[in-house]
Amino acid sequence: MQAPRCDQTAAWTALTAQFAQSGRRFDLRPAFADDATRAEAFSLSAPEVFADLSKNHWDAETRGLLLALARECQIEQRRDAMLAGEPINHTEGRAVLHTALRAPRGAAPFSDEVHEVLDRLLAYVEQVRDTATSGIRHVVNIGIGGSDLGPQMVVPALDAFAHRGLQLHFVSNVDGHDIVPVLRGLDPRETLVIVASKTFTTQETMANAEVARAWFLAGYGEGGEAAIAKHFAATTTNVAAAAKFGITTTFGFWDWVGGRYSLWSAIGLPIALAIGAENFRALLAGAHAMDRHFAEAPLEANLPIQLGLLDVWYRNFHGYTSRSVAPYHQGLRRLPAYLQQLEMESNGKCVDLDGQPLPFGTSPVVWGEAGTNGQHAYFQMLHQGTDVIPVEFIAVKTPCYDAAGGTGLPDSVRAGLADQHHKLLANCLAQSQALMLGKSTEDAMGETAPTASKSLDALTIARHRTFPGNRPSTTLVLDRLTPAAMGALIALYEHRVFTSGALWRINSFDQWGVELGKALCNQLLPRFASGDTTGLDGSTAALLQRLLG
Ligand code: F6P
């Protein structure tokens, strides 16, 4: 039987009634005051990740109804279909098997192919990392979207584990202002260029690859053509196109790996170069542990599924249109950008699997910034703005600046760093506390505000200093930001996106929405040479003339 869409279930009807009756008015403050066990009751542990879900707008009844909704939508069967390699990306007739990329040998479909490439890739990685022999000091990864965002996010996150003699650079934008500053100052003889593209046709990547090749040949001098074999590598499903480009060192992957789910494949080459083979395998193992949790934990204890259910509750009942991600770890500064592609490209859809228009909202806007930086930018709006935006905090218990040993810093500096870490964590907890507790006008009246204008009356000032509170948040806690923890965290997000997408009954694994702009760009390009604006709409014609004039 075909799995129903969330809004066609009995649980949805029950949730609608529950929301009207009490869910809409749910207040975290009495919920905690009335229930000493709330924090524990709404916390979950998954591999490498502890989650406090208690500061969210739900109670046991709501959670029970959401779990019933998941069951009615056959979430377990749909998950199992994905893991078994059924072609759930039906608009492209493809399986969705990123989980197979991190499964132990023999434990998932396509195991032989996966492990053959992985072993070869990691052997290559160790050769390049032997910098005394390879002579490579810089790696430039050219790719965009899923061929960029994953590695670009994970490499700084795992800086503590990185090779100190190998510098990683990322180029994605077709704008020359991206590649020029990267190549400036690099020596081609010390540089490895990776051309990362699932299709090996993407405009931005191909343009940058051509520039990199021209730069390489001009800078290398005699023997440059032959040296491309050593200094260029490709990671792609289109091995033939890479060969045509002149790249002979190629690591393949398969059409059943979606671009935004591909960092576990050969696309992870920059990550492996940075952290080494053993750590890369640990990253895969961490993700696999989360896969097992997703596949095996009962729904009541299943963290990705519960996060996905909360996403549906917030988007479709509370009407919240965005979610902010605040990782309190500077290494995770690129996580929000990574999650934007993961979630918004996956679930930014307006028709269901049958192509029927959806009568409810799908992907929220996902955005954010590393803490504490975000606090000094947009947190004002989170606390006192007119929109309620659920926030996801990520805290890492123990800092690690250099996994290979000391930071080379004197003890006095280390003491300062320990203090800084407490400040970081205190800020993280304080923000979720402030969002929840708020501050009444009455309490604000009772406070002194030394910087407040003396020309305004106390009540007016107090109103400006009032916080509505009751703003929801989730806090994820990792013990350390290790490769395994990083793998588990990313897999957690992947499965959470799967969950909301499955309930909405959309195809989370295609991305037709990026096609129209690409096609129109190709139509416009020749007009930049000809200057012809015939047949264009008035705005586009005028802008083109202005840009050419
Ligand atoms: O933006 C669309 C998209 O197809 C993404 O899904 C993908 O990650 C990106 O372009 C890059 O594609 P490719 O890896 O084929 O160059």
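Higher on the page you've got the structure.
The model shown is predicted, which means the values in this text are computed figures rather than measured ones.

Caption draft 1: Region of the structure containing the overall build of the chain. When its secondary structure is counted, the chain shows 22 helices and 11 strands. C-alpha atoms of the chain, sized along the principal axes, occupy 80 × 65 × 60 Å. Across the 549 residues of the chain, 53% fall into the buried class. Long-range contacts, defined as pairs at least 24 residues apart, comprise 76% of the intrachain contacts of the chain with a sequence gap of at least 6. Total accessible area on the chain stands at roughly 23,500 Å², and carbon and sulfur atoms take up 55% of it. Put simply, the chain has 45 plus and 56 minus side-chain charges, and the middle of one group is 3 Å from the middle of the other.

Caption draft 2: Seen up close, a nonpolar patch on the surface. A cluster of nonpolar residues, Phe528, Leu547 and Leu548, forms a patch on the protein surface that exposes about 310 Å² of accessible area. Inspection of the secondary structure assignment puts Leu547 in helix H22 (residues 538–548).

Caption draft 3: A look at the sheet that holds strand S2 (residues 49–52). Read from one edge of the open sheet, 6 strands run S1-S2-S11-S10-S8-S9, paired in mixed fashion. Strands at the two margins of the open sheet, each flanked by one partner only, are strand S1 (43–46) and strand S9 (365–368). The average undirected angle you get between the axes of adjacent strands in this sheet is 20°. In this structure, S2 lies alongside strand S11 (residues 473–478), joined through 3 bridges in antiparallel fashion. Across the sheet, the residue bridging to Asp52 is Thr475, located in S11. Each of S1, S2, strand S8 (322–328), strand S10 (391–396) and S11 is contacted by helix H14 (residues 303–318), which is oriented at about 135° to S1, the strand it contacts most.

Caption draft 4: Region of interest: the site of the ligand. As a structural note, the neighbourhood of the ligand is formed by 13 residues, with Gly146, Ser147, Ser197, Thr199 and Thr202 the closest of them. In the model, an oxygen atom of the ligand is placed 2.6 Å from a nitrogen or oxygen of the Ser197 side chain. Between the ligand and the protein, one listed contact pairs an oxygen atom with a backbone N or O atom of Lys198 at 2.7 Å. Class assignment of the residues belonging to the shell around the ligand gives a composition of 2 nonpolar, 9 polar and 2 charged.

Caption draft 5: Spotlight on the packing of helix H4 (residues 60–72) against H14. Between H4 and H14, the least distance of the axes is 10 Å, while the angle of their chain directions is 105°. In terms of their interaxial angle, H4 and H14 are classed as roughly perpendicular. Residue-level inspection shows Thr62, Arg63, Leu66, Leu67, Leu69 and Ala70 of H4 in contact with H14, the latter providing Gln306, Leu309, Val312 and Trp313. Here the contact of H4 with H14 is built from residues that sort into 7 nonpolar, 2 polar and 1 charged.

Caption draft 6: Expanded view of the pairing of S9. The pairing of S8 with S9 spans 4 bridges and is classified as parallel. By the bridge assignment, Val325 is partnered in S9 with Gly368. Handedness of the crossover joining S8 and S9 through helix H15 (residues 335–347) is recorded here as right-handed.

Caption draft 7: A look at the sheet that holds strand S3 (residues 138–142). Within the open sheet, the 5 strands sit side by side as S4-S3-S5-S6-S7. Their pairing is parallel. The open sheet has two edge strands, strand S4 (167–171) and strand S7 (249–252), and neither has a second partner. Looking at each pair of strands side by side, their axes are set apart by 20° on average, direction ignored. Relative to S7, strand S6 (residues 232–236) runs parallel, the two sharing 4 bridges. Bridging across to S7, Ala234 finds its partner in Thr250. Helix H6 (residues 111–129) contacts strand S5 (191–196), S6 and S7 of the sheet and is inclined by roughly 140° relative to S7. The strands touched by helix H9 (residues 176–183) are S3 and S4; relative to S4, the strand with the most contacts, the crossing angle is about 160°.

Caption draft 8: Quick peek at the environment of Ile75. With respect to the helices, strands and loops of the structure, Ile75 is situated in helix H5 (residues 75–83). Owing to a relative accessible area of 0%, Ile75 belongs among the buried residues under this scheme. Separated by 65 residues in sequence, Ile75 and Val140 place their C-alpha atoms 41 Å apart. Among all residues touching Ile75, those that are not within four sequence positions of it are Ala70, Leu299, Ile305, Phe498, Thr499, Ala502 and Leu503.

Caption draft 9: Examining the environment of Val154 more closely. On the secondary structure map, Val154 appears in helix H8 (residues 149–157). Val154 sits 184 residues away from Tyr338 along the chain, and the two C-alpha atoms are 9.5 Å apart. If near-sequence neighbours (up to four positions away) are discounted, Val154 is found in contact with Leu263, Ile271, Leu283, Met486 and Ile490.

Caption draft 10: Structural view of the pattern of salt bridges. Considering all chains together, one arrives at 28 salt bridges under this definition. The shortest N-O distance in the salt bridge between Arg465 and Glu447 comes to 3.1 Å. Taken together, the residues Arg465 in the loop between helix H19 (458–464) and S11 and Glu447 in the loop between helix H18 (441–445) and H19 connect sequence positions 18 residues apart. Given a relative accessible area of 24%, Arg465 falls into the partly exposed group. Connected through shared salt-bridge partners, Asp311, Arg323, Glu343, Glu392 and Arg496 make up one network.

Caption draft 11: How the structure looks around the nonpolar core. Among the nonpolar cores identified, the biggest contains 114 residues, and Leu69, Leu335 and Met486 are the most heavily contacted of them. Ignoring sequence-local partners within four residues, the contact set of Met486 consists of Met153, Val154, Ala157, Leu158, Leu283, Leu332 and Leu481.

Caption draft 12: The arrangement of the packing of aromatic side chains in detail. Tallied over the entire structure, the rule returns 20 aromatic pairs. Arranged with centres 5.5 Å apart and planes meeting at 85°, the rings of Phe216 and Phe232 form a pair that is edge-to-face. Of this pair, Phe216 sits in helix H10 (residues 203–220) while Phe232 sits in strand S6; the two residues are 16 residues apart in sequence, bridging distant segments of the chain. By relative accessible area, which is 0% here, Phe216 ends up buried. Taking the relative accessible area as the measure of exposure, Phe232 reaches 0% and is therefore buried. The interplanar angle of 35° and the centroid separation of 5.4 Å between the aromatic rings of Tyr378 and Phe379 together place this pair among those described as tilted.

Criteria and thresholds
Residues numbered from 1 in each chain as written. Predicted model: local features only at pLDDT ≥ 70, side-chain atom pairs only at ≥ 80, totals over all residues. Heavy atoms only, no water. Helix = DSSP H or I, 4+ residues; strand = E, 2+ residues; numbered from the N terminus. Buried < 20%, exposed > 50% of the residue type's maximum accessible area, 1.4 Å probe, protein only. Contact = heavy atoms within 4.5 Å. Areas by Shrake-Rupley, 256 points an atom, 1.4 Å probe, with all protein chains shown as cover. Lys, Arg positive; Asp, Glu negative; His and termini not counted. Charge placed at Lys NZ, Arg CZ, Asp CG, Glu CD. Patch = residues over 30% accessible without salt bridge, like charges linked within 9 Å, V, L, I, M, F, W, Y side chains within 5 Å. Salt bridge = Lys/Arg side-chain N within 4 Å of Asp/Glu carboxyl O. Pairing = 2+ DSSP bridges. Axes fitted to C-alpha atoms, helices over the stretch in contact; angles between N-to-C directions. Near = heavy atom within 4 Å. Polar contact = N/O pair within 3.5 Å; in protein donor to acceptor, adjacent residues only side chain to side chain. Nonpolar A, V, L, I, M, F, W, Y, C, P; charged D, E, K, R; others polar. Parallel < 35°, antiparallel > 145°, perpendicular 65-115°, else oblique. Right-handed = clockwise from strand over helix to strand, strands pointing away. Core = buried A, V, L, I, M, F, W, Y, C linked by side-chain atoms within 4.5 Å. Phe/Tyr/Trp six-rings, centres within 6.5 Å; stacked < 30°, edge-to-face > 60°.

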